[in-house]
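Spelled out from the first residue to the last, the chains are:
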Amino acid sequence: MTPLILHHYAASPFAEKVRLMLGYKGLPWRSVTVPSIMPKPDLVALTGGYRRTPNLQIGADVYCDTALIARVLERHQPAPSLYPASAPLAPLLAQWADSTLFWTVIAFTMRPDTLAQVFAGQPPEAIKAFGADRAALTAGMRRIASRDAVAQLPAYLSALQAQLADGRRWLFGDAACIADFSVAHGLWFIRRAPLMGVFDPHPQLKAWLERVLAIGHGVHETMDSADALRLAAAATSHAPCVVHPEPGLQAGQAVTVSAIDYGTDPVAGTLVGLGADEVVVRRHDERAGTVHVHFPRIGFQIKEQQP
Ligand SMILES: N[C@@H](CCC(=O)N[C@@H](CS)C(=O)NCC(=O)O)C(=O)O
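Keep in mind that this is a model prediction, so the values were computed, not measured. In every chain, residue numbers begin from 1 and rise along the written sequence. The predicted origin of the model limits local features to residues at a pLDDT of at least 70 and limits the giving and counting of side-chain atom pairs to 80 or more, whereas totals for whole chains, interfaces and linings rest on all residues.

**Topic: the site of the ligand**
Then step 1. Nearness is defined per residue: the C-beta atom, placed using the backbone, must lie within 6 Å of the molecule or strand. Near the ligand lie 13 residues; those nearest to it are Ser-12, Phe-14, Arg-52, Thr-53 and Thr-66.
Then step 2. Each helix is a run of H or I in the DSSP string that is no shorter than four residues. Each strand is a run of E no shorter than two, and both are numbered from the N terminus. For the shell around the ligand, the secondary structure elements donating two or more residues are helix H1 (13-25) and helix H3 (66-76).
Then step 3. Gly is placed with the polar residues, together with every amino acid not listed as nonpolar (Ala, Val, Leu, Ile, Met, Phe, Trp, Tyr, Cys and Pro) or charged (Asp, Glu, Lys and Arg). Of the residues in the shell around the ligand, the class split is four nonpolar, five polar and four charged.

Following this line, the structure appears as structure tokens:
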């Protein structure tokens, strides 16, 4: 079977979301470590420009954004499901957690009085390079200020604690779902930094977080990024995909796809898949060969490329 390859790095909260979902589904995977800042030449050879973390590679198909990666894992291994029928709003809570909660957590955790703890042991040049990279990544994006995050995070934590107050084990009841993994990855970032005190008024939330993290990352082995590129180049087929035409968009058209919020680098290619949930472009790279790059529709924009 073509292996599931996760391109990620240890400190990435969104990667932690996927690592936990892989563990939950018991899917074995290969781990390719990518740099946490640009440049990322081997990753970009696969994605065509998309630089955010993590990415899932299956042969010569590359899936960007954890909302789509979760759907792909579900297709691969339907049980246990990340989308129980009893929790239709769970994906919307996940979307809130992956955006509003995530950026609140980042601003809460990376504030002037905590930065030294967050980056403990790292040389000043590395901290400076990280700051410059993230400033470029989010250029043009309006981000919540640390002072506001400190004031607002407790309200979010109280609401999550209230959801768990009836003694349920998971956010939407008896089984974990996509919302658990999306909320947990942000709170995991706080837990990694020595700021755990923020959970003290919320013992059930704290216990829930430990429960989610105890799921672990499942069985995985490391892989070199050059081997991942060779594997893509050697693939002889791609996952089936179909274009359902929309006004101005049809199969075979030259398009770009980019995130709308941050890390908006466009990926150019030929439109080979289009539906309510996914857009797929085909592109060629000298080292990776012909790759299909998949994005979710939500949070991304498609533009016709001018000839
Ligand atoms: N909506 C994206 C967000 C991904 C994201 O923001 N990841 C962070 C790391 S946790 C990132 O890309 N940081 C910059 C980088 O790794 O280059 C997803 O769900 O995958």
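Back to the write-up after that little detour.
**Notes on the domain arrangement of the chain**
Then step 1. Structurally, the chain comprises domain 1 (4-80 + 220-304) and domain 2 (90-214).
Then step 2. Boundaries of every domain are those given by an automatic assignment or by a domain database. Using only C-alpha atoms to locate each centre, domain 1 and domain 2 end up separated by 24 Å.
Then step 3. Think of it this way: build a C-beta for each residue from its backbone, and any pair within 7 Å is a contact. Taken together, the 16 residues of domain 1 in the interface contact 19 residues of domain 2.
Then step 4. Mapped by element, the contributors of at least two residues to the side of domain 1 that touches domain 2 are H1 and H3.
Then step 5. Ranked by residue count, the leading element in the side of domain 1 that touches domain 2 is H1, at seven residues.
Then step 6. Residue composition of the side of domain 1 that touches domain 2, grouped by class: eleven nonpolar, two polar and three charged.

**So, the confidence of the model for the chain**
Then step 1. A score between 0 and 100, pLDDT records how confident the predictor is in each residue. The share of residues in the chain with pLDDT of 70 or more is 100%, and the mean pLDDT across the chain is 96.
Then step 2. Here helix H5 (residues 115-118) stands out as the element of the chain with the lowest mean pLDDT, 84, in contrast to strand S4 (residues 61-64), whose mean of 99 is the highest.

**A closer look at the packing of helix H4 (residues 90-109) against helix H8 (residues 178-192)**
Then step 1. Where helices are involved, their axes are fitted lines through C-alpha atoms of the stretch in contact, as for all axes, and angles between N-to-C directions lie from 0 to 180°. One can describe the packing of H4 onto H8 by two numbers: an axis separation of 8 Å at closest approach and a directional angle of 5°. Judged on the interaxial angle alone, H8 and H4 are roughly parallel. Here Ala-90, Pro-91, Leu-93, Ala-94, Ala-97, Asp-98, Leu-101, Phe-102, Val-105, Phe-108 and Thr-109 of H4 lie close against H8, whose contacting residues are Ile-178, Ala-179, Ser-182, Val-183, Gly-186, Phe-189 and Ile-190.
Then step 2. Split by residue class, the contact of H4 with H8 holds 14 nonpolar, three polar and one charged. Here is the rule for angles: anything less than 35 degrees is roughly parallel, anything more than 145 is roughly antiparallel, 65 through 115 is roughly perpendicular, and the remaining ranges are oblique.

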